[in-house]
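Architecture at a glance
If you want the building blocks of each chain, they are given just below.
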Amino acid sequence: AVAFYLTMYLVTTLGAFGVMAMLSGREGDAEEIDDYRGLAWRHPWLAGVLTACLLSLAGLPLTAGFVGKFLLITSGVGASLWALVILLVINSALSIFYYLRVVRALFRTADEAAPALPPAYSWLGGITLAVLAVLLCGLGVYPAPLLAIIERMSLLAW
């Protein structure tokens, strides 16, 4: 469960920070929530990838984050680690508020005063984000191949 969660967290974090890196450039970095306001209308692909990453970090269904958190909760319940399970559930519920604030900003209309940072497009960056988005959603719908790899690797370690 931990290996799957760490793999999912790596993929999700790389995707989210990859979008932020593509939105940052010589003119400035995309650091504030207002920098992302209206991104869905200016650059829908980047907004879609960032939305998928944030929803996965929040642990919503059909994302790898949901599967990772579900596996952690079931393992915690199986080991009777109730305090850790309760903390995970509470932290996940609180995190939804923060992640959805950014998602809401992505789909709001852009103000004239909001900076329209030009994305630093590169083919390699776009391909990387596409692969990460496919992995993120793919592992949320069909996690069995990665779970099988993790299980084989854990058996080899013993």
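A brief structural summary. Counting restarts for each chain: residues are numbered from 1 in the order of the written sequence. Only residues with pLDDT of 70 or above have their local features reported here, since the model is predicted, and side-chain atom pairs are shown and tallied only from 80 upward, although totals for entire chains, interfaces and linings are computed over all residues. Side-chain metrics in this entry use all non-hydrogen atoms of the structure; hydrogen atoms and water are not considered.

A separate point is the overall build of the protein chain. Think of it this way: any DSSP run of H or I at least four residues long counts as a helix, any run of E at least two long counts as a strand, and we number them from the N terminus. The helix and strand inventory of the protein chain stands at 7 helices and 0 strands. Written out in order from the N terminus, the α and β elements of the protein chain read α-α-α-α-α-α-α. Its C-alpha atoms give the protein chain principal-axis dimensions of roughly 55 × 35 × 25 Å. For the protein chain, contacts bridging at least 24 residues in sequence account for 78% of all contacts bridging at least 6. Working definition of accessibility: Shrake-Rupley area with a 1.4 Å probe, residue cover restricted to the visible protein chains. Carbon and sulfur atoms provide 72% of the accessible area of the protein chain, an area that totals close to 9,600 Å². Where the 8 positive side-chain charges of the protein chain centre and where its 9 negative ones centre are 7 Å apart. Two residues form a contact once any of their heavy atoms are found within 4.5 Å. Counted as positive: Lys and Arg. Counted as negative: Asp and Glu. His and the chain ends are not counted at all. Where a charge sits is defined by one atom per residue type, namely NZ (Lys), CZ (Arg), CG (Asp) or CD (Glu).

This paragraph deals with a nonpolar patch on the surface. Patches were defined on residues exceeding 30% relative accessible area and lacking a salt bridge, with like-charge contacts within 9 Å and nonpolar side-chain contacts (Val, Leu, Ile, Met, Phe, Trp, Tyr) within 5 Å. Each salt bridge in this description consists of a side-chain nitrogen of Lys or Arg and a carboxyl oxygen of Asp or Glu lying within 4 Å of one another. Where nonpolar side chains cluster on the molecular surface, the patch consists of Val77, Trp82, Ile86, Ile90 and Leu94 and spans about 480 Å² of accessible area. In terms of residue count, helix 5 (residues 82–106) provides more of the nonpolar patch than any other element does, 4 residues in total. Mapped onto the secondary structure, isoleucine 86 falls in helix 5.

Only the six-membered ring of Trp is used, alongside the rings of Phe and Tyr, when aromatic pairs are assigned; centres must lie within 6.5 Å, and planes under 30 degrees apart are stacked while those over 60 apart are edge-to-face, with the rest tilted. On inspection of all chains with the given rule, the structure shows 3 aromatic pairs. Ring centres of tyrosine 5 and tyrosine 9 lie 6.1 Å apart, and the angle between their planes is 20 degrees; on these two criteria the pair is classed as stacked. Of this pair, tyrosine 5 and tyrosine 9 both sit in helix 1 (residues 2–23), separated by 4 residues, roughly a single helical turn. For tyrosine 9, a relative accessible area of 39% puts it in the partly exposed group. Any residue under 20% of the maximum accessible area for its type is buried, any over 50% is exposed, and the rest in between are partly exposed; the area is computed with a 1.4 Å probe on protein chains only.

It helps to recall that an α-helix has 3.6 residues per turn; residues three or four apart then point in one direction. For a helix, the expected span equals 1.5 Å multiplied by the residue count minus one. Over its 25 residues, helix 5 runs 36 Å from end to end, which matches the ideal 36 Å to within 8%, given 1.5 Å per residue. Those residues of helix 5 that sit buried are Val85, Leu88, Ser92, Ser95, Val102, Val103, Ala105 and Leu106. Tucked into the core, helix 5 has its buried residues touching helix 2 (39–42), helix 3 (44–58) and helix 4 (64–78).

Here we take up helix 1. For helix 1, built from 22 residues, the straight-helix expectation of 32 Å at 1.5 Å per residue is met to within 8% by its first-to-last C-alpha distance of 31 Å. Considered for burial, the residues of helix 1 that qualify are Phe4, Tyr5, Met8, Val11, Thr12, Gly15, Ala16, Val19, Met22 and Leu23. Take helix 1 and look down its axis: the buried residues cluster within an arc of 145 degrees, on one side only. Those residues of helix 1 that are exposed and angled more than 90 degrees off the buried face are Val2, Leu6, Leu10 and Phe17. On its buried face, helix 1 is in contact with helix 2, helix 3, helix 4, helix 6 (123–141) and helix 7 (144–157). The arc in question is formed by the directions pointing from the helix axis toward the C-beta atoms.

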